[in-house]
Amino acid sequence: MLRLMLSLSLLLAASSALCAPHRVFIAGDSTAAEYGPERAPQAGWGQALQGYLDPAVWEVRNHAKGGRSTRSFIDEKRLDAIAAELQRGDVLLIQFGHNDAKVEDPTRYTDPATAYPQFLMRYVQLARDKGATPVLITPVARLLYDFGSLLDTHALYTQAMKQLAAREQVALIDLNDSSTRWIRALGEQGAKPYFLFVPEQNKADGTHFSTAGANAVACLVVREWVGLQPALKAALTRDIDCDVRSAGQGADASKPSRVVHERDIAITQPGPHGGAGPTTAYPFFAADELPFVLRKRVLHKGAGIGLHPQHKDEIYYIVSGQGSYVLDGKQYDVGAGDALLTRTGSLHALQQVGEDDLVLLLAYPR
C-alpha cells in the first residue's frame, strides 16, 4: 500500500508540472454512467464525480455505460476507446460486477472465480502499460432488503476483486463495503429517496440512483480515493464528510437523539418581559443538557416582547409575519428572513405588527 501511495503521489507531482488538468477515466456500468435530463431523476455516481473536483485540476472522462460487464465493455471496444486517450499520469477507475453476474446472458456473464478477475486484469494492465494508475472499485450495493436484512448481492464479485487487488498490488476502493454501511445507516425507507423509487414514474428500482444518491455515492468514492492519494484533497471543491464507519457507535442511551413536533410542546403565555399578549411558546428540547437553547415563539395580534436589558447573546430569526424591533434606541421594521443579534448589555423589544402572527425562532446559550 505504501508503494501504491508513493506511486500515486509521484504521478500527481509529475503531471502538476505540466499545468494541465489531471484526468480520471471511469470504466463501469449503469450505476456510474451519465444520464441526460430526459432520464431525471436518474443519475450515476460517475456524472456526479466532477462536482467534487476542481475542473482546472481534475477532468472526469466518464466512459461507463448501462448494462455492461467487464466482458461486454471490452467486446464493444469501449476499453479501446479509453486506451486511445489514456496517458501517463491519468487515473482509471474500474467498477463492474452488477452485470457480470447475469448468468443467463453469455455476452455479459463472467465467472467470479475465473473470467471476472481475468477481464479486470486487462483494464489494470492497460492502465499500467499507458503509465496511468488503475484503481479497482468493488460493485456498489443494492437497496434490497429481505425480512429486515440488507442483502449482499455482489459477495463473490467483491471478494474476487479484493483478492486480485491484493495479489497484483492494485489500489482498491471498497465501495461495496462503504455503500452497504451507508444504506444500513439510512435504513430501508430512509434510503429510498437516494434510489429510483419514483411512484409517479412507476419506478421501484433499488439498483440505480437518483441525483441525491449519485452525489452521495460519488462522495464515498472520493473519500476513499483521497485515502489512497492524499494530495487529491487540495483539489476538492466540496466536503467529503460522508463516512458512516462509526455511525451509532458511542451514543449515550441516556441522552437519545429524537424527533419532536411543536404541537406536542406548545405553551400559551403572555408576552415576556412585560410585553403585551397573547403568545405561544415552543421550548424545543428544554429538558436536555444542551449548551444552547432553541425556542420558537409566536406573537399573536397585538402581542410583543417588552423592552428589557440583555444578559446573554441572543439571536431572533423571523420566520414569518411583520414586527417592529427596537435595539438600543433605534427602531427597525423586520419581517421574514431577518436575523436579529442582540449582544450582552444591549436593550431590545419586539412588537407584532399587522394582521398576521409574527413567528420567530430564538437561540441563545444556556
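Throughout what follows, the structure given in this document is the object of discussion.

Moving on to the overall build of the protein chain. Along its length, the protein chain carries 9 helices and 20 strands. The C-alpha atoms of the protein chain give 28 Å as radius of gyration, which overshoots the globular expectation for 366 residues (21 Å, by more than 25%). Each principal axis of the C-alpha distribution contributes one length, and for the protein chain these read about 80 × 55 × 45 Å. With 366 residues in all, the protein chain has 46% of them scored as buried. Considering only contacts within the protein chain whose residues lie at least 6 apart along the sequence, 68% involve residues at least 24 apart. Accessible area for the protein chain stands at about 18,200 Å²; split by element, carbon and sulfur atoms hold 54% of it.

Strands sit in the order β11-β12-β13-β20-β15-β18 across an open sheet of 6 strands; the sheet is antiparallel. Where the open sheet ends on each side, the last strands, each with one partner, are β11 (267-269) and β18 (339-342). Each strand axis lies, on average, 25° off the axis of its neighbour in the sheet, ignoring direction.

Turning next to the pattern of salt bridges. By the definition in use, this model includes 15 salt bridges. A salt bridge links D105 to R108, with the nearest nitrogen and oxygen atoms 2.8 Å apart. Relative accessible area serves as the criterion here: at 18%, D105 is assigned to the buried category. A salt bridge links E289 to K255, with the shortest nitrogen-to-oxygen separation between them at 3.5 Å. Taken together, the residues E289 in the loop between β12 (279-284) and β13 (292-299) and K255 in the loop between α9 (211-228) and β11 connect sequence positions 34 residues apart.

Our next topic: helix α5 (residues 115-129). Turn by turn, an α-helix covers 3.6 residues, leaving residues three or four places apart pointing in a common direction. Under the 1.5 Å per step criterion, the end-to-end length of α5 is 21 Å for 15 residues, consistent within 8% with the ideal 21 Å. Among the residues making up α5, those that are buried are A115, Y116, P117, F119, L120, M121, Y123, V124, L126 and A127. Taken together, the buried residues of α5 touch β1 (22-28), α3 (70-75), α4 (78-85), β4 (91-95), β5 (133-137) and α6 (155-168). With its phi angle positive at about 80°, G131 sits one or two positions after the end of α5.

In this structure the tally under the stated criterion is 1 disulfide. With its sulfur 2.1 Å from that of its partner, C219 forms a disulfide with C242. On the sign convention where negative means left-handed, the S-S torsion of about -100° between C219 and C242 marks this disulfide as left-handed. Placement of C219 in helix α9 and of C242 in the loop between α9 and β11 is noted, with a sequence separation of 23 residues between them. Judged by relative accessible area, which is 16%, C242 ranks as buried.

This brings us to the packing of aromatic side chains. What the rule picks out here adds up to 9 aromatic pairs. With centroids separated by 6.0 Å and ring planes inclined at 35°, the aromatic side chains of W182 and F195 adopt a geometry described as tilted. Note that W182 is positioned in helix α7 (residues 175-186) and F195 in strand β9 (residues 195-198), a separation of 13 residues in sequence. We note R238 situated over the ring of Y52; from NZ or CZ to the ring centre the distance is 4.3 Å. In this arrangement the basic side chain of K312 is found over the ring face of Y364, its NZ or CZ atom lying 4.6 Å from the centre.

Let us now look at the nonpolar core. Counting residues in hydrophobic clusters, the biggest one holds 47 residues, and the most contacted among them are W45, L49, L93, L175, I183 and W225. Elements with a contribution of two residues or more to this core: β1, α2 (45-49), β3 (58-62), β4, β5, β8 (171-173), α7 and α9. For this core, the element with the most residues is α9, which contributes 11 residues.

Criteria and cut-off values
Residues numbered from 1 in each chain as written. Predicted model: local features only at pLDDT ≥ 70, side-chain atom pairs only at ≥ 80, totals over all residues. Heavy atoms only, no water. Helix = DSSP H or I, 4+ residues; strand = E, 2+ residues; numbered from the N terminus. Rg over C-alpha atoms; globule rule 2.2 N^0.38 Å. Buried < 20%, exposed > 50% of the residue type's maximum accessible area, 1.4 Å probe, protein only. Contact = heavy atoms within 4.5 Å. Areas by Shrake-Rupley, 256 points an atom, 1.4 Å probe, with all protein chains shown as cover. Pairing = 2+ DSSP bridges. Axes fitted to C-alpha atoms, helices over the stretch in contact; angles between N-to-C directions. Salt bridge = Lys/Arg side-chain N within 4 Å of Asp/Glu carboxyl O. Expected span 1.5 Å × (residues − 1). Disulfide = S-S within 2.5 Å. Phe/Tyr/Trp six-rings, centres within 6.5 Å; stacked < 30°, edge-to-face > 60°. Lys NZ or Arg CZ within 6 Å of the ring centre and 35° of its normal. Core = buried A, V, L, I, M, F, W, Y, C linked by side-chain atoms within 4.5 Å.

Functional significance is not addressed by these values, which are geometric in nature.
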